[in-house]
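Listed below are the residues making up each chain.
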Amino acid sequence: MGQVLARLTSEFPDLTPSKLRFLEERRLVSPARTESGYRKFSHDDVERLRLVLTMQRDHYLPLKVIKGYLDDLDAGRQPELPGVPGTPAPSMLSTERRFSREEIVREAGATPQLLSDAVSSSLIVAADVYGEDALRVLTALVELKRSGIEPRHLRGFRAAAERELGLIESALMPVSRRKDASSRAKASELAREIAGQLEVVRSSLIRGALSRLDP
């Protein structure tokens, strides 16, 4: 288990032994066991875990939905990404790319100043190495800048995200009070489910507001 954590925690910092055991309990991954009872994760097990964690992080999908998707894959079907028809899910063979400051600026078609502005506006966390999520944000900021929308105009997004986090923390309080590892893992899963539902509400409100702009 320690080797699995060492391979994945750079991509998924919130991955812990308790969460790993929780994912196994939910049958998202089923590592083999040695004669002495120790878990033995294969390369395919690790890539399956990476897929599960990516779908949680990037799409806020609950584990029961991810489990259904994996069952379809195991049955030889080619399911679409749940909740986003026509969009393929991350491949179990892919790994998240990492970018230096110079690389992410080049990949996004941005400027060093735009990245600095994004960091100062709390839209991207300053780092020596950036992931694909930061690349998606920076790429979006490049397009928004063409419409006259600067990172400084979006500072309220961070405040809104913090307010949503407060709602989630309040909802999780009954579970969070329990200090056992299983409860912590369940709280993490529930937090992602709530975040996903908040995203549904937010998207609906934005679509409704956009309809007012239609001729």
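Since the model is a prediction, treat every value here as computed from it, not as a measurement.

Definitions and cut-offs
Residues numbered from 1 in each chain as written. Predicted model: local features only at pLDDT ≥ 70, side-chain atom pairs only at ≥ 80, totals over all residues. Heavy atoms only, no water. Salt bridge = Lys/Arg side-chain N within 4 Å of Asp/Glu carboxyl O. Buried < 20%, exposed > 50% of the residue type's maximum accessible area, 1.4 Å probe, protein only. Helix = DSSP H or I, 4+ residues; strand = E, 2+ residues; numbered from the N terminus. Expected span 1.5 Å × (residues − 1). Arc of directions from axis to C-beta. Axes fitted to C-alpha atoms, helices over the stretch in contact; angles between N-to-C directions. Parallel < 35°, antiparallel > 145°, perpendicular 65-115°, else oblique. Contact = heavy atoms within 4.5 Å. Nonpolar A, V, L, I, M, F, W, Y, C, P; charged D, E, K, R; others polar.

Student: What is the right way to read the pattern of salt bridges from this model?
Tutor: When charged atoms on two side chains of opposite charge get close, those side chains can pair. Overall, the coordinates contain 13 salt bridges when judged by the stated rule. Arg 77 is the salt-bridge partner of Asp 72, the closest N and O atoms lying 2.9 Å from each other. Classification of Asp 72 by relative accessible area gives partly exposed; the value is 25%. Its relative accessible area of 48% is what places Arg 77 among the partly exposed residues. Residues Arg 202 and Glu 199 are paired through a salt bridge, measuring 2.0 Å at the closest nitrogen-oxygen approach.

Student: In this structure, what is going on with helix H4 (residues 63-74)? I would like to understand it.
Tutor: Two residues of an α-helix separated by three or four positions point the same way, owing to the 3.6 residues in each turn. In a regular helix each residue adds 1.5 Å, so 12 residues correspond to 16 Å; H4 covers 16 Å between its end C-alpha atoms and thus fits that length. Every buried residue belonging to H4 is among Leu 63, Ile 66, Tyr 69 and Leu 70, and all of these are buried. Looking straight down H4, one finds its buried side chains confined to an arc of 120°; they lie on one side. Gly 76, located one to two residues past H4, shows a positive phi value of around 90°.

Student: Explain unusual backbone geometry to me, please; I cannot follow it from the model alone.
Tutor: Leaving glycine out, the prevailing phi sign among residues is negative, and the prevailing peptide bond configuration is trans. Phi angles above zero are rare outside glycine, and Arg 27 is one such case at about 65°. For Arg 27, the location among the structural elements is in the loop between helix H2 (17-25) and strand S1 (32-33). Exposure remark for Arg 27: the relative accessible area of 60% places this residue in the exposed category. Positioned with a positive phi, Ser 122 is a non-glycine residue whose angle comes to about 65°. Positionally, Ser 122 belongs in the loop between helix H6 (112-120) and helix H7 (132-146). For Ser 122, a relative accessible area of 33% gives the class partly exposed.

Student: Is there a simple way to think about the packing of helix H5 (residues 101-108) against H6 in this case?
Tutor: Helix packing geometry: the angle between the two helix axes and the distance between the axes. At a minimum axis separation of 9 Å, H5 and H6 run at an interaxial angle of 105°. In terms of orientation, H5 and H6 fall into the roughly perpendicular class. Counting all contacts with H5, which are made through Arg 101, Ile 104 and Val 105, the residues of H6 involved are Pro 112, Leu 115 and Ser 116. Of the residues that constitute the contact of H5 with H6, the class distribution is 4 nonpolar, 1 polar and 1 charged.

Student: Looking at this structure, how should I read the environment of Glu 35?
Tutor: Within the secondary structure layout, Glu 35 lies in the loop between S1 and strand S2 (39-40). What makes Glu 35 exposed here is its relative accessible area of 88%. The spatial distance from the C-alpha of Glu 35 to the C-alpha of Ile 124 is 47 Å, given a sequence separation of 89 residues.

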